[in-house]
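Residue strings, one per chain:
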Number of protein chains: 2
Amino acid sequence: MNDPAVDRLCALLAIPSVSTDPAYADQMRAAAAWVADHLRGSGFEPRVMDTAGHPCVTARTTDAMVADPAAPRVLFYGHYDVQPPDPLDLWTTPPFEPTVRDGRLYARGASDDKGQVMCFLEALRTYRDAGEKLPCHVTVLIEGEEECGSVNLPPFIEQHKDELAADVVVVSDTSMWDADPQRPVPAITYAMRGLVYFDVKLHGPSRDLHSGVYGGSLANPATQLVRVLGKLLDDDHRVTLPGFYDDVAPLDEAEREQWRQLGFDEAGFLGDVGAAPFGEKGYSTLERRWSRPSCDVNGLYGGYMGEGAKTVIPTFAGAKVSFRIPADMDPKKVAAQFIDWVHAQDVGGCRWEITDHAGAWPAAAATDSPWMAAARRAVEQTSGRPPALVREGATIPIIADFKKTLGLDTLLLGFGLNSDNIHSPDEHFALDRFQLGVQTHAELLRQIAATR
Amino acid sequence: MNDPAVDRLCALLAIPSVSTDPAYADQMRAAAAWVADHLRGSGFEPRVMDTAGHPCVTARTTDAMVADPAAPRVLFYGHYDVQPPDPLDLWTTPPFEPTVRDGRLYARGASDDKGQVMCFLEALRTYRDAGEKLPCHVTVLIEGEEECGSVNLPPFIEQHKDELAADVVVVSDTSMWDADPQRPVPAITYAMRGLVYFDVKLHGPSRDLHSGVYGGSLANPATQLVRVLGKLLDDDHRVTLPGFYDDVAPLDEAEREQWRQLGFDEAGFLGDVGAAPFGEKGYSTLERRWSRPSCDVNGLYGGYMGEGAKTVIPTFAGAKVSFRIPADMDPKKVAAQFIDWVHAQDVGGCRWEITDHAGAWPAAAATDSPWMAAARRAVEQTSGRPPALVREGATIPIIADFKKTLGLDTLLLGFGLNSDNIHSPDEHFALDRFQLGVQTHAELLRQIAATR
């Protein structure tokens, strides 16, 4: 690896582009301008395009930049915004002063997603540095709102769908299967779960009441909230919403067997976070995460939350409740099932206030496409072994939009690790994975070109 | 009523004796000293006695102060401390600047409990002012920690049980049945529910996790907390703890009929707080509040509680859970039933942290005692009609200690109202109720003396 690439990544990481906090608006523009400059340095004529929120950076190869005018067209998507760095006191070195320790680069955004975005942008740069044309047409789309919900991106894609037209999307925002430096195994993620997320607030009496005077004579919204949500899962840990499993695709035996071959370290995965396997009967941990829906209470609030005792019947109580839904499930249908079910419960005259935090569709790409084959070959070339073909339990909402609006499958080829502390203090990215990422994306462009 | 009594009450109310906040320590001493001064003015030689917390004021008649050395002995209990006045901006006039509007005296503590304590202390003063001896031996015990749990009072009573020896306890800290000025109906409260209160915190993974990556594969403590606590009540709103109802005394038909005669305004009681009847099947609202146990979730906390969505599996979640238990139930037994039941639930390896916030025993006094008869006669004398004999759903923990340590029944003869805004802004006490309270307590001493 050439040191200048690391220096450039450090320069981008030094810009505190926190999208969720309006105080960083200038830094957001600075980061977008920096990305545009980098693309300019690789021969592009990038544009920083306004949205209703933070700008998008786009760039497109001219025919003169591409070796073969008939080559496939690749759309690369990433984001230049980062999570807030709090809590600052838990960082070993400041989050916006990139620091290398033991072969790892520590900074907010090092892995999510500046480091991974730079794997691709530096791959483009390697062609420029070598005086070579690019093997494919490339469109780059780097947004600034991924960490706050990408709300302006779907309309942006809709509005610019002609300019974004391509044959396949490439995203580098996922994890490797195994990062052992002696035996790295990159992963290609071919499916992600979608998301349905609600705030459910139950309103009861018009004011906080004394639980001695009123206890037992009226509906306590905290008690009723718990009673209702407690029924969402049965004792086999299956969601009880009527019709919930109707659209869940059964896991076929070939795929199940393929996952078994991955040698997933269940004990290590759960043991690392102090947990034991627990979930829907009849499925392994990997199967539960990748192919089965889940239901989680993400937050609880209401009544007295302080130390000690306060004998209150609260005027309201609420919960954050979410579902992860695998391919073939429809977030709108699940949302409707949940809302109908909630309203069908007897809560003694309490009133529901339900906020639907815009669901996300699950995404899946064909594993037998030429693009997937190209990605496999690219990984084999640079890491010396085939990639793991994996699903992911989490959600990148925009992947479904690429399918819906642009009609494109997405190659999710990532070099992160679950242990990169993304969204947490001491986020980092290993330099050897950065190097592997740059090389693999450069190779990917060659392999995609070879599909013609 | 003589205006000096109101002036004296205002002087006590002007002292911000907030027991829970150490910043008010000097004011607590000032309030105790004020109470002692008042008693001195009635011929007592009071003592301000230190405890591990705020001081208790005690005073005892000498034989020379009492008309008949063989007269019964009355122990009067009350408290000079008050709730914090927050939120200050919701008070019409400042909480420690007592103000009369429309016949009501507004101030923190006006009803709970300074106004009611002064009903009794001013009753003592009427004898002094009239140059008469008291009809009974009287011991006064005014504590300063009722609003923060009376933690130092039970050992104080144990330690001073000889000096506190009496025949009956009188407390003025409860409500009237009907305060219509044209037709006031005071109440004698002969039973109160006890209390069992827990903080139950469920610890799961060693850190907050991403609900996409981990959702469905391990036990989410927020989900499991809700699932477990949701089973605490069945669909008939009965508590499901094994053995829970074993000690609940059935409501006898005579008592039930007596309550029906009270003409309780169920629709008004619940309608005033925007609620509808809801609770254990087979019981009226009054029966539920007075004679049946209840179970309430008083607070919920954990995970993401802010606006919007955060897809977290929290490392812990918790709830405040309490039970009100009618006469014959044992708080220690209920606590053990709850703890055993909680620990018997499968929570997938999550770990419970259960804090028992010291339960309180229920209390009941015989309704056919000479003291009760004396109290009835006193009310008839001053209000022109018999008192309502009522129970109370709430708890005054110390009542059970008077029974246990001193062997005494308590006459709960109160002049408050549920609408007095105790613990809330604009707390108040109507001057006509203050007057009735003074007169009735003065008469009560005569009627207790007449039981000999």
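Residues numbered from 1 in each chain as written. Chains lettered and ligands numbered in written order. Predicted model: local features only at pLDDT ≥ 70, side-chain atom pairs only at ≥ 80, totals over all residues.

J.: An account of the sheet that holds strand β5 (residues 104-106) of chain B is requested, with residue identities and associated values reported.
T.: All names here are of chain B. The strand order β4-β5-β18 describes an open sheet built from three strands, whose pairing is antiparallel. Since the sheet does not close on itself, it has two edges, and those belong to β4 (99-101) and β18 (428-430), each with one partner. Neighbour to neighbour, the strand axes of the sheet diverge by 30° on average, direction disregarded. Strands β4, β5 and β18 of the sheet are contacted by helix α13 (residues 431-449), whose axis makes an angle of about 65° with β18. (Pairing = 2+ DSSP bridges. Helix = DSSP H or I, 4+ residues; strand = E, 2+ residues; numbered from the N terminus. Axes fitted to C-alpha atoms, helices over the stretch in contact; angles between N-to-C directions. Contact = placed C-beta atoms within 7 Å.)

J.: Give me the lowdown on the domain arrangement of chain A, citing residues and values where you can.
T.: Many analyses report the size of an interface as the accessible area lost when the parts associate. Residue and element names in this part refer to chain A. Along its sequence, chain A is organised into domain 1 (3-192 + 363-449) and domain 2 (194-248 + 293-356). The C-alpha-based centres of domain 1 and domain 2 are spaced at 38 Å. When its residues are assigned to classes, the side of domain 1 that touches domain 2 shows two nonpolar, two polar and no charged. (Domains from an automatic or database assignment. Nonpolar A, V, L, I, M, F, W, Y, C, P; charged D, E, K, R; others polar.)

J.: Before we move on, can you summarise the relation of the copies chain A and chain B with the specific residues and values?
T.: The transformation that overlays chain A on chain B combines an axial shift of 0.1 Å with a rotation of 180°, and the residual RMSD is 0.1 Å. What the rotation and shift describe, once combined, is the action of a two-fold rotation axis. Comparing interface residues between copies, 100% of those in chain A also sit at the interface in chain B, which points to an isologous, same-surface contact. (Least-squares fit on C-alpha atoms with pLDDT ≥ 70 in both.)

J.: Describe the sheet that holds strand β18 (residues 428-430) of chain A, and please don't skip the residues or the numbers.
T.: Residues and elements named next belong to chain A. Here we have three strands laid out as an open sheet, ordered β4-β5-β18, and antiparallel in their pairing. Of all strands in the sheet, those with a lone pairing partner are β4 (99-101) and β18, marking the two edges. Averaged over all pairs of adjacent strands, the angle between strand axes in this sheet comes to 30°, irrespective of strand direction. Bridge count for strand β5 (residues 104-106) against β18 is three bridges, and the pairing is antiparallel. Counterpart to L105 in the pairing with β18 is F429. Along the sheet, helix α13 (residues 431-449) makes contact with β4, β5 and β18, crossing β18 at roughly 65°.

J.: Account for unusual backbone geometry, naming residues and giving values.
T.: All names here are of chain B. Along the chain, D86 connects to P87 via a cis peptide bond; the corresponding omega equals -5°. Here P87 shows up in the loop between β3 (73-79) and β4. At the junction of D112 and D113, the peptide bond is cis and its omega measures out at 0° in the coordinates. Mapped onto the fold, D113 is located in the loop between β5 and α3 (114-129). The backbone phi angle of N421 is positive, close to 60°, even though this residue is not glycine.

J.: Kindly report on the packing of α3 of chain B against α13 of chain B, identifying the contributing residues and their values.
T.: All names here are of chain B. One way to put it is that α3 packs onto α13 with a least axis distance of 8 Å and a crossing angle of 55°. Relative to α13, the element α3 lies oblique. Considering only the axes of α3 and α13, their crossing is right-handed. Together, G115, Q116, C119, F120, E122, A123 and T126 of α3 and F434, G437, V438, H441, A442 and L445 of α13 make up the contact between the two elements. Within the contact of α3 with α13, the residues separate by chemical class into seven nonpolar, five polar and one charged. (Parallel < 35°, antiparallel > 145°, perpendicular 65-115°, else oblique. Left-handed = near helix turned anticlockwise from the far one by under 90°.)

J.: A description of the nonpolar core should follow, citing residues and the corresponding values.
T.: In this structure, V74, V169 and V170 of chain A together with V74, V169 and V170 of chain B are the most contacted members of the largest nonpolar core, which totals 263 residues. If we ignore the near neighbours within four places in the chain, the residues touching V74 of chain B are C136, H137, V138, A166, V168, V170, L445 and I448 of chain B. (Core = buried A, V, L, I, M, F, W, Y, C linked by C-beta atoms within 7 Å. Buried ≥ 20, exposed ≤ 12 C-beta atoms within 10 Å, placed from the backbone.)

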